[in-house]
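Take a look at the letters that make up each chain.
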Amino acid sequence: MTIMPSNLPLNFTGIVEDVNDAVADTFPLFESVQKLARLGIELAFEVAPSTIIVTFTVTPTATSVLPALLAEIDHAKPQRLASGRLAVTGSMCQGTVILRVLIPENWVTAEELAVLTGAATADPSDLL
């Protein structure tokens, strides 16, 4: 095993190549996000070292996809945001991606959301 010193000088050519690669990789993602937007689902990605957070905002016109979407989330947990809006948090990709699904206002109650996510057996005060 080779241990590299932590204070290596920056390789600006390598950084520019990495930026170009990252930008090129976003175009297929952009196409997929545009398709979802036409269906009424908006996505926001936050990518940081060792963290990927995806926020899904589902519009009232796309509520029919919510049960299938929620079924794909591991460890789905209903919650009420500070704004009062209902959301579900969980993970995907073996826990490596954190997901938040924002539920359209007045689409379901907190109790119905608990049933949709399989968390209905818990004490409702634990959910929100």
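Data block above holds the structure.
Figured I'd write up the structure that's included with this text. Because the structure is a prediction, the values reported are computed rather than measured.

Cut-off values and rules
- Residues numbered from 1 in each chain as written.
- Predicted model: local features only at pLDDT ≥ 70, side-chain atom pairs only at ≥ 80, totals over all residues.
- Heavy atoms only, no water.
- Pairing = 2+ DSSP bridges.
- Helix = DSSP H or I, 4+ residues; strand = E, 2+ residues; numbered from the N terminus.
- Axes fitted to C-alpha atoms, helices over the stretch in contact; angles between N-to-C directions.

**Considerations on the pairing of strand β1 (residues 41–48)**
Where β1 lies against strand β2 (residues 51–58), 8 bridges are found, and the strand directions are antiparallel. The residue bridging Ala44 from the neighbouring strand is Thr55, located in β2. The antiparallel pairing of β1 with β2 creates a hairpin that spans 2 residues between the two strands, and Ser50 there sits at a positive phi of about 65 degrees.

**Quick look at the sheet that holds strand β3 (residues 74–80)**
Ordered by their spatial adjacency, 5 strands build an open sheet running β1-β2-β5-β4-β3, and the pairing between neighbours is mixed. Each edge of the sheet is formed by a strand with only one pairing partner; in this case those strands are β1 and β3. Taken pair by pair, the neighbouring strands of this sheet meet at an average axis angle of 20 degrees, ignoring direction. Taken together, the 6 bridges between strand β4 (residues 86–92) and strand β5 (residues 97–102) define a ladder with antiparallel strand orientation. Bridge assignment links Ala87 to a residue of β5, and that residue is Leu102.

**Focus: the pairing of β5**
Pairing of β2 with β5, which is carried by 6 bridges, proceeds in the parallel orientation. When the bridges of β5 are listed, Thr55 appears paired with Arg100. Here β4 hands over to β5 after 4 residues, with Cys93 in that stretch at a positive phi of 55 degrees.

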